[in-house]
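# Overview (structure and organization)
Each chain is listed here by its residues.
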Amino acid sequence: MGERAGVTILGSTGSIGGSTLDVLARHSDRFEVVALTANRDVDRMLAQCLEHRPRLAVMREERAAERLAEGLAGAGLKTEVLHGTEGLCHAATLPEIAHVMAAIVGAAGLAPTLAAARAGKRVLLANKEALVMSGALFMEEVRRHGAELLPIDSEHNAIFQCMPPGFARGLDAVGVEEILLTGSGGPFRQTPLEQLRDVTPEQAVAHPNWNMGAKISVDSATMMNKGLEIIEACWLFGTGPERIQVVVHPQSVVHSLVRYVDGSVLAQMGNPDMRTPIAHALAWPERMAAGVEPLDLMAVARLDFEAPDERRFPCLRLAREAMQAGGTATAILNAANEVAVARFLEGRLRFTDIARVIETVMEERPFGAADRLEAVLEADRLAREAAERVARRLEVR
Ligand code: NAD
Ligand code: MG
């Protein structure tokens with residue numbers, strides 16, 4: 001038996017992090033969990049350390065790291081504990097790891113994910129916000145340092161599986177005409193428009209098909225998730241947004257499709273379970289079991305497809321416009337969205353005002369070049385300030 005591949009999970013206590021540990025535990029002969037990281041969920045991290053015995057655990061918050069160290073010592077574990085962004089970047093670049101699962105939610109994931117790319121690791125990318133913020137820079141670092149970038153987002157993983165070899169040369173060179181990006185339409189696909197204003201965080205987070213973290217669940221309800229995914233697909237597959245069509249598909253069984261010049265359309269299908277793309281990316285180019293129920297087509301019975309309603313989902317248009325504008329526009333879009341979603345989850349902003357906050361910030365903030373990380377981070381910071389201001393004006397009282 002060969003040596004086991006070392007793995008770091010950035011964001012191990014989240015939804016993707018938990019699914020990744022589930023897949024890894026099924027293949028402990030092939031993979032070794034070396035480092036786990038989280039924001040501040042000490043109890044969950046302690047339980048994960050007891051079960052998976054990583055060499056290193058990182059908490060972003062210092063106080064949480066102290067409490068974790070106490071808990072680990074109490075349990076007799078010798079796991080090393082670090083904290084802060086430095087600790088996260090250290091975990092992402094350890095010499096003994098081959099794979100980094102990038103599953104931190106939001107802009108907070110950018111620095112450690114970029115560090116993993118610079119260290120030439122295989123980056124399993126769930127943290128779409130990193131690409132949305134700094135796609136050009138990120139792809140350049142991947143190329144320069146010989147890293148491997150494998151998409152975990154179910155649609156992008158599906159597209160990757162449907163693409164021909166050599167697609168990095170450009171879609172025209174390999175006979176691909178168009179990418180069809182599917183999305184369920186979220187919990188409010190059929191809610192009367194006049195009721196959208198009063199939907200609650202609980203209703204927004206209850207996704208019909210996928211069990212995910214709170215932020216991406218709200219993004220799915222506004223379809224900003226699909227907007228961010230258009231941008232993500234542009235960078236991953238080297239194309240403009242005009243060659244990416246969004247298709248609403250309520251069953252979430254067809255995870256996305258690729259249309260070729262000869263009329264062929266290839267789709268990847270399966271049950272909505274993130275362990276499929278996770279296992280695919282870990283094992284690639286091989287295949288391995290993921291613990292996923294086999295797809296029962298008779299039980300699914302029918303597959304529906306419809307065009308997205310841009311009046312119901314203005315975030316789709318905002319994302320396309322940001323990608324077309326280029327530069328820091330997508331970082332500004334992402335920052336405004338993160339602020340608005342956080343406010344909505346706190347009960348301080350109406351659901352329909354999420355798009356309003358983003359659109360206002362996009363109008364207010366000038367776009368610049370996104371050729372340096374400092375420029376991207378500065379655009380992110382200023383857009384957050386602007387979004388806080390706009391959200392305060394619209395605050396629910
Ligand atoms: P989640 O909220 O369940 O978990 C997020 C993880 O990131 C947690 O471990 C948390 O501790 C950590 N974290 C949060 N803020 C942090 C910070 N400031 N610094 C360091 N760590 C921090 O989220 P999730 O649903 O697992 O999603 C993770 C990422 O994967 C997101 O970018 C999301 O868009 C993407 N994604 C998720 C799914 C899914 O099915 N859940 C599908 C596709 C893509
Ligand atoms: Mg997705």
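Worth saying up front: this structure is predicted, and the values here are computed from it rather than measured.

### Observations regarding the site of ligand 1
With respect to spatial proximity, 23 residues lie near ligand 1, and among them T13, S15, R60, E129 and G213 are the closest. The backbone of G14 places a nitrogen or oxygen atom 3.1 Å from an oxygen atom of ligand 1. One of the side-chain nitrogen or oxygen atoms of R60 is found 3.3 Å away from a nitrogen atom of ligand 1. Considered on its own, ligand 1 offers 830 Å² of accessible surface; in the complex 88% of this is hidden by protein. Every element with two or more residues in the shell around ligand 1 is listed here: α1 (15-25) and α6 (128-144).

### A few points about the coordination of the magnesium ion (ligand 2)
Six octahedral donors around a metal ideally subtend angles of 90 or 180 degrees, whereas four tetrahedral donors ideally subtend 109.5 degrees. Every protein donor of the magnesium ion (ligand 2) is listed here as D153 (OD), E155 (OE) and E229 (OE), and their distances to the metal cover 2.1 to 2.2 Å. Positions of the donor residues of the magnesium ion (ligand 2) along the chain correspond to the pattern D-x1-E-x73-E. Remark: E229 occurs in helix α10 (residues 224-237) and D153 occurs in the loop between β7 (148-151) and α7 (154-162); sequence separation between them is 76 residues. The residues D153 and E229 share a single accessibility class, namely buried.

### So, helix α13 (residues 314-325)
Across its 12 residues, α13 extends 17 Å between first and last C-alpha, which sits within 8% of the 16 Å expected from 1.5 Å per residue. Restricting attention to buried positions, one finds in α13 the residues C315, L316, L318, A319, A322 and M323. Within α13, the buried residues cover an arc of 165° as seen down the axis, which keeps them to one side. At its buried positions, α13 is contacted by α9 (214-222), α10, β9 (244-248), α14 (329-345) and α15 (353-364). Once α13 finishes, G326 follows within two positions and takes phi at roughly 75°, a positive value.

### Some words on the packing of aromatic side chains
Aromatic rings in a pair are described by how distant their centres are and how their planes are angled relative to each other. Applying the stated criterion across every chain, the model contains 5 aromatic pairs. Ring geometry for F188 against F351: centres 5.1 Å apart, planes inclined by 80°, an arrangement best described as edge-to-face. With F188 in the loop between β8 (176-183) and α8 (201-205) and F351 in the loop between α14 and α15, the pair connects residues that are 163 residues apart, well separated along the chain. F188 gets classed as buried once you look at its relative accessible area, which sits at 5%. We classify F351 as buried; its relative accessible area is 6%. Taken together, the ring pairs connect F160, F167, F237 and W284 into an aromatic cluster.

### Quick look at the domain arrangement of the protein
The domain boundaries assigned to the protein delineate domain 1 (5-151), domain 2 (152-307) and domain 3 (326-397). Measuring from the centre of the C-alpha atoms in domain 1 to the corresponding centre in domain 2 gives 24 Å. Listed as interface residues are 29 residues of domain 1 and, on the opposing side, 30 residues of domain 2. Interface area, domain 1 with domain 2, both sides summed: about 2,600 Å², of which 70% is carbon and sulfur. The largest contributions to the domain 1 side of the interface with domain 2 come from V23, K128 and P151, which together make up 26% of the buried area. Where domain 1 packs against domain 2, one counts 5 salt bridges. Ionic pairing is found between D153 and K128, a salt bridge with its closest N-O pair at 2.9 Å. Seen at the junction of domain 1 and domain 2, the total is 12 residue pairs in polar contact (both at pLDDT 80 or more). In terms of residue class, the side of domain 1 that touches domain 2 is made up of 16 nonpolar, 6 polar and 7 charged.

### Some words on the side chain of T20
Inspection of the secondary structure puts T20 in helix α1. Residues in contact with T20, not counting those within four places in the same chain, are I9, M101 and I278.

Procedures and definitions
- For every chain, the first residue of its written sequence is number 1, and the numbers climb from 1 along that sequence.
- To read the labels, note that chains go from A and ligands from 1, taken in the order they are written.
- Thresholds applied to this predicted model are a pLDDT of at least 70 for local features of residues and 80 or more for the giving and counting of side-chain atom pairs; totals over whole chains, interfaces and linings are not thresholded and use all residues.
- As a rule here, side-chain values cover all heavy atoms of the structure and leave hydrogens and water aside.
- Near, as used in this document, describes a residue that has one of its heavy atoms within 4 Å of the molecule or strand being considered.
- In protein, a polar contact requires one atom able to donate a hydrogen and another able to accept it; more generally it is a pair of N or O atoms within 3.5 Å, and residues adjacent in sequence count only if both atoms are side-chain atoms.
- Per-residue and other accessible areas were derived by the Shrake-Rupley procedure at a 1.4 Å probe size, with only the shown protein chains allowed to occlude residues.
- Each helix corresponds to a stretch of at least 4 residues labelled H or I by DSSP, and each strand to a stretch of at least 2 residues labelled E; elements are numbered beginning at the N terminus.
- Donor selection uses N, O and S atoms within 2.8 Å of the metal (3.2 Å for Na, K and Ca). Since no water is included, sites may look incomplete.
- The classification of residues rests on relative accessible area computed with a 1.4 Å probe and restricted to protein chains. Under 20% of the type maximum is buried, over 50% is exposed, and intermediate values are partly exposed.
- Helix span, expected: 1.5 Å multiplied by one less than the number of residues in the helix.
- By construction, the arc corresponds to the directions joining the helix axis to the C-beta atoms.
- Contacts are residue-level and defined by heavy atoms, with any inter-residue pair within 4.5 Å sufficient.
- Between 30 and 60 degrees the pair is tilted, below 30 it is stacked and above 60 it is edge-to-face, where a pair is any two Phe, Tyr or Trp rings, Trp via its six-membered ring, whose centres lie within 6.5 Å.
- Delimitation of the domains relies on an automatic or database domain assignment.
- The term buried area refers to how much accessible surface (probe radius 1.4 Å) is lost by two components on association, counted for both of them together.
- In the sections that follow, a salt bridge refers to a side-chain nitrogen of Lys or Arg positioned within 4 Å of a carboxyl oxygen of Asp or Glu.
- Residues are grouped as follows: Ala, Val, Leu, Ile, Met, Phe, Trp, Tyr, Cys and Pro are nonpolar; Asp, Glu, Lys and Arg are charged; every other residue, Gly included, is polar.

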